[in-house]
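The primary structure of each chain is shown beneath.
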Amino acid sequence: MRNEVRVLLEDGQEFVHGFDSAEAMSNEDGRRWLDQEFLRMDCEPLRASGKVLIVDKVVVVAKAAGAQLLGDAQWLAQFARASVGAVGRPTVVVNTKAMTASF
């Protein structure tokens, strides 16, 4: 089965990474990787309550990464593998302008 992560940036740029299901991180590994990137990039929670859902981390990390990191094939592959593993869905579409992720 194929997985795909698509990130649409505010300026209209689009980054896509497709891969086989076997390459996806486990749920735990995906969450850990996103947590590390969230902290490394000094990201802020989306919600005023301070609660951070895993889907929020996917969106915020993608936004913080921007074109520079998303344009790095190795980083994009890790982000895609982590996102699919963490949310447990084969397809993830992130829109940084709308600050949403859909599956």
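Per chain, the residues get numbers from 1 upward, laid out in the order the sequence is written. Owing to the predicted nature of the model, reporting of local features is limited to residues with pLDDT of at least 70; listing and counting of side-chain atom pairs is limited to 80 or more, with chain, interface and lining totals taken over all residues. Values shown for side chains rest on all heavy atoms present in the structure; no hydrogens or waters enter the calculation.

*Asks:* Where do I start with the environment of valine 84 in this structure?
*Replies:* Tracing the sequence through the fold places valine 84 in helix α3 (residues 73-87). The buried label applies to any residue whose accessible area, calculated with a 1.4 Å probe on protein chains only, is under 20% of its type's maximum; exposed applies above 50%, and partly exposed to all values in between. Judged by relative accessible area, valine 84 falls into the buried class, the value being 6%. With 19 residues separating them along the chain, valine 84 and phenylalanine 103 place their C-alpha atoms 9.5 Å apart. The criterion used for residue contact is that any of the two residues' heavy atoms lie within 4.5 Å. If we skip the residues at most four places from it in the chain, valine 84 touches Asn3, Val5, Phe19, Ala24, Arg89, Pro90 and Val92. Numbered from the N terminus, helices here are DSSP runs of H or I no shorter than four residues, and strands are runs of E no shorter than two.

*Asks:* It is not clear to me how helix α1 (residues 27-40) should be interpreted in this structure. Could you clarify?
*Replies:* Counting along an α-helix, one turn takes 3.6 residues, and residues three or four places apart therefore face a common direction. In this model α1 runs 20 Å from its N-terminal to its C-terminal C-alpha over 14 residues, within 8% of the 20 Å that 1.5 Å per residue would give. The set of residues buried in α1 consists of Gly30, Trp33, Leu34, Glu37 and Phe38. One side of α1 holds all its buried residues, which, seen down the axis, span an arc of 135 degrees. The exposed residues of α1 that point more than 90 degrees off its buried face are Glu28, Leu39 and Arg40. Looking at the packing, one finds that the buried side of α1 touches α2 (54-70) and α3. One or two positions beyond α1, positive phi appears at aspartate 42, with a value near 55 degrees. A helix is expected to span 1.5 Å multiplied by its residue count minus one. Picture the helix axis, draw a direction to every C-beta atom, and the arc is the one those directions span.

*Asks:* Please clarify how α3 should be interpreted in this entry.
*Replies:* The terminal C-alpha atoms of α3 lie 21 Å apart, and with 15 residues this matches the ideal 21 Å at 1.5 Å per residue to within 8%. For α3, the tally of buried residues reaches 11 of 15 residues, placing the bulk of the element in the interior. Listing the buried residues of α3 in full gives Trp75, Leu76, Ala77, Phe79, Ala80, Ala82, Ser83, Val84, Gly85, Ala86 and Val87. Residues of α3 that are buried make contact with β1 (2-8), β2 (14-20), α1, α2 and β3 (91-95). The residue sitting at the N-terminus of α3 and contributing the capping side-chain oxygen is aspartate 72; that oxygen lies 2.9 Å from the backbone nitrogen of glutamine 74. The term polar contact refers here to a pair of N or O atoms within 3.5 Å; inside protein, the definition further demands a hydrogen-donor-capable atom paired with an acceptor-capable atom, and it admits residues adjacent in sequence only when both atoms are side-chain atoms.

*Asks:* Looking at this model, I keep getting lost on the packing of aromatic side chains. Mind explaining?
*Replies:* How two aromatic rings sit relative to each other is given by the distance of their centres and the angle of their planes. Here is the rule: rings of Phe, Tyr and Trp (six-membered ring for Trp) pair when centre to centre is within 6.5 Å. Planes less than 30 degrees apart are stacked, more than 60 are edge-to-face, and the remainder are tilted. Scanning the model with the defined rule gives three aromatic pairs in all. Relative to tryptophan 75, the ring of tryptophan 33 lies with its centre 5.5 Å away and its plane at 50 degrees, an arrangement referred to as tilted. Pair noted here: tryptophan 33 is in helix α1 and tryptophan 75 is in helix α3, with a separation of 42 residues, a long-range link. Both residues of the pair, tryptophan 33 and tryptophan 75, count as buried. The interplanar angle of 10 degrees and the centroid separation of 5.4 Å between the aromatic rings of tryptophan 75 and phenylalanine 79 together place this pair among those described as stacked. You can see tryptophan 75 and its partner phenylalanine 79 sitting in helix α3, four residues apart, about one turn around the helix. We classify phenylalanine 79 as buried; its relative accessible area is 0%. Counting every residue linked through ring pairs, the aromatic cluster contains Trp33, Trp75 and Phe79. By definition here, charges over rings are those cases where NZ of Lys or CZ of Arg is within 6 Å of the ring centre and within 35 degrees of the ring normal. The lysine or arginine in question, lysine 57, covers the ring of phenylalanine 38, its NZ or CZ lying 5.5 Å from the ring centre.

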